[in-house]
Each structure stands twice: as structure tokens, then as C-alpha cells.
Amino acid sequence: MITAQAILAVLSGAAVGFSLGLIGGGGSILAVPLLLYVVGITDPHVAIGTSAVAVSVNAFANLAIHWRAGTVHWPCALLFGSAGVLGAAVGSTLGKLVDGERLIVLFALVMIAAGIAMLRPQASQGQACERIDKRIGLRLVTLGIAAGFIAGFFGIGGGFLVVPGIVLSSGIPILNAIGSSLFSVGVFSMTTALNYQLSGFVIWIIAAEFIAGGVIGGFFGMKAAVKLAPKRNTLNYVFCGAVFAAASYLLLRAGMSAFG
């Protein structure tokens, strides 16, 4: 029997998938608020663990698309992502120890930071990284661990951190950094999901429903992106406005709980 919660999970997943298909990275930042306040998951840790499963699957699906398009720089992707798994494991372990309400407040602040990062113009130029020398490798490992820690602590994909981290470390063009970042987003989220599952913080049926909706939404999002390409910047501003609004709502709810 199809429940109201299942329908809401599919619709919420579709909304996140549509935003990802339409504007790219950052769309998954809305997954946790939707799971909490639309789908009805009451425990913030469960919402984070469940969303991490969906974000991981979505990231690997998009990685395959970028791989076929030739936009993944595998040496950078593998080094940054592999190093970041350690950070994600430590970050997600600490995240589970933080009180749920406090974690949501911190998550809201990260949402605001993500929105600001998405508003910044991204340079498309860069130089191909022919080989990874010791200096580039050290930067990729260091920033990978840092990005993985933050992604794991808050249970997010961290694409808004990974993309600039790869560009800063290696100097590759933004398009290649975006394609390469999906490997990191996938393994960071997978690490977080597995860690949260060890504590029973994943509802797999809701994750599956969310993923199913995301596939549908992502398809229509990519179709819309092609038609609305000339208005991409405007769409990005609108989405960032939604992120800021959601973050404000999380802070408001947290404030009401603190004084209620």
C-alpha cells in the first residue's frame, strides 16, 4: 500500500533531482530539510544518513554521464576523493555525536555558505593538468581530507567545496573540476551513509523512494536546462534564494524549539 509519506519522499526526491539537473551542483543541499519537514523524519541524524544514500547514488549516476563526455580528470578525482574518505569517516563519526538540534543549526549555516558560494561567478578557463607532481598531489590530499571532513560531518555531498578545492589544487578547467568532483561527492556520501547505518540512522525504503523521485526529476531537470540555458544565471539566483529561505526556516525552527 502506497502511503502519504512514500509519495512525499518521491516528490521531494524529484524536487532535488530536478534542481540538480537544472543547475548542477548544490541541489542536494535541500535534501535534509525536505526529509525533515516534508517527508516527516523526526530525527536529524536519520535525515542526514538517509539523504547521504540518495546523494551518493545520484553523484555516481552523474559521474557516469561526465565520464562518457570525457570531462573527468581521473588522477585528480581519485587522489582528492580517496584522501577525502578519511576525512568523511572522521567527520561523520563526530557528526553523530552532536546533538540533533545543534547539528541542524550548524547545517543551516553551511546552507547559507553554500548559497553564497553558488552565487560567485566561476571561471571557465584553466590549464590541463598533464601530470600530478608532489606539490599538486599534496594540495589535493590536504584539501580532499578537509572537504571530506566537512561533507561527512554535515552529511552533505560537498560539491560546492570539492569543485573549488580541485581547481585550487590542480588548476584544471572548471568543467573538468565539476566532472571530477562527482567521484568525491559519491564516495564522501557513501562513507557517511555507511557510518550512519552502523548506528541505525538510515531508513532504506525512504532512501529508495527519494532516489526514484530523483531519477525522474533529474531527467526533466536536464531537459529544462537545455531550454532555459540563456536564463541559467537567473535560475541559479532563484535556487540560491530557496536555499537561503530553507536555511532561515531551519534556524527559525531551532530558535522556536530552544525557547519553546
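Bear in mind that the values here come from a model prediction, so they are computed numbers and not experimental data.

1. Side note on the overall build of the chain
Inference 1: Secondary structure summary: the chain contains 10 helices and zero strands in total.
Inference 2: Listed N to C, the secondary structure of the chain is α-α-α-α-α-α-α-α-α-α in terms of helices and strands.
Inference 3: Within the chain, the fraction of its 260 residues that count as buried is 50%.
Inference 4: Considering only residue pairs separated by 6 or more positions, the chain has 85% of its internal contacts joining residues 24 or more positions apart.
Inference 5: With the model as given, the accessible surface of the chain reaches about 12500 Å², and the carbon-plus-sulfur share is 70%.

2. Re a nonpolar patch on the surface
Inference 1: A surface patch of nonpolar side chains, about 590 Å² in accessible area, is lined by Leu86, Val90, Leu94, Leu97, Ile145, Phe149 and Ile150.
Inference 2: Put simply, the parts of the chain that give the nonpolar patch at least two residues each are α4 (74-97) and α6 (134-154).
Inference 3: It is α4 that provides the largest number of residues to the nonpolar patch, a total of four residues.
Inference 4: Within the secondary structure layout, isoleucine 145 lies in helix α6.
Inference 5: By relative accessible area, which is 32% here, isoleucine 145 ends up partly exposed.

3. Quick look at the environment of glycine 91
Inference 1: When you line up the elements, glycine 91 lands in helix α4.
Inference 2: In sequence terms glycine 91 and phenylalanine 149 are 58 residues apart; their C-alpha atoms lie 4.4 Å from each other.
Inference 3: Beyond its immediate chain neighbours, meaning those up to four positions away, glycine 91 contacts Phe149, Gly152 and Phe153.

4. Considerations on the nonpolar core
Inference 1: By size, the foremost hydrophobic cluster in this structure holds 60 residues, and its most contacted members are Ile29, Phe107, Met111, Ile156 and Phe188.
Inference 2: Element by element, the count of residues in this core is highest for helix α8 (residues 174-198), at eight residues.
Inference 3: Every residue in contact with phenylalanine 107, bar those within four places of it in the chain, is listed here: Ile29, Val32, Pro33, Phe154, Ile156 and Leu250.

5. Remarks on α4
Residues lying three or four places apart along an α-helix face the same way, a consequence of the helix completing one turn every 3.6 residues.
Inference 1: For α4, with 24 residues, the first-to-last C-alpha span of 34 Å sits near the 34 Å given by 1.5 Å per residue.
Inference 2: Maximal helix bending in α4 amounts to about 30°, located at valine 85.
Inference 3: For α4, the full list of buried residues reads Cys76, Ala77, Phe80, Gly81, Ala83, Gly84, Gly87, Ala88, Gly91, Ser92, Gly95 and Lys96.

6. Some thoughts on the packing of aromatic side chains
Inference 1: Enumeration according to the criterion identifies seven aromatic pairs in this entry.
Inference 2: With centroids separated by 5.9 Å and ring planes inclined at 55°, the aromatic side chains of tyrosine 196 and phenylalanine 201 adopt a geometry described as tilted. Assigned by exposure class, tyrosine 196 and phenylalanine 201 land together as buried.
Inference 3: Arranged with centres 5.3 Å apart and planes meeting at 80°, the rings of phenylalanine 219 and phenylalanine 220 form a pair that is edge-to-face.
Inference 4: An aromatic cluster is built from Trp67, Trp74 and Phe183, whose rings are joined through pairwise contacts.

Conventions adopted
Residues numbered from 1 in each chain as written. Predicted model: local features only at pLDDT ≥ 70, side-chain atom pairs only at ≥ 80, totals over all residues. Heavy atoms only, no water. Helix = DSSP H or I, 4+ residues; strand = E, 2+ residues; numbered from the N terminus. Buried < 20%, exposed > 50% of the residue type's maximum accessible area, 1.4 Å probe, protein only. Contact = heavy atoms within 4.5 Å. Areas by Shrake-Rupley, 256 points an atom, 1.4 Å probe, with all protein chains shown as cover. Patch = residues over 30% accessible without salt bridge, like charges linked within 9 Å, V, L, I, M, F, W, Y side chains within 5 Å. Salt bridge = Lys/Arg side-chain N within 4 Å of Asp/Glu carboxyl O. Core = buried A, V, L, I, M, F, W, Y, C linked by side-chain atoms within 4.5 Å. Expected span 1.5 Å × (residues − 1). Bend = angle between axes of the 7 residues up to and from the residue. Phe/Tyr/Trp six-rings, centres within 6.5 Å; stacked < 30°, edge-to-face > 60°.

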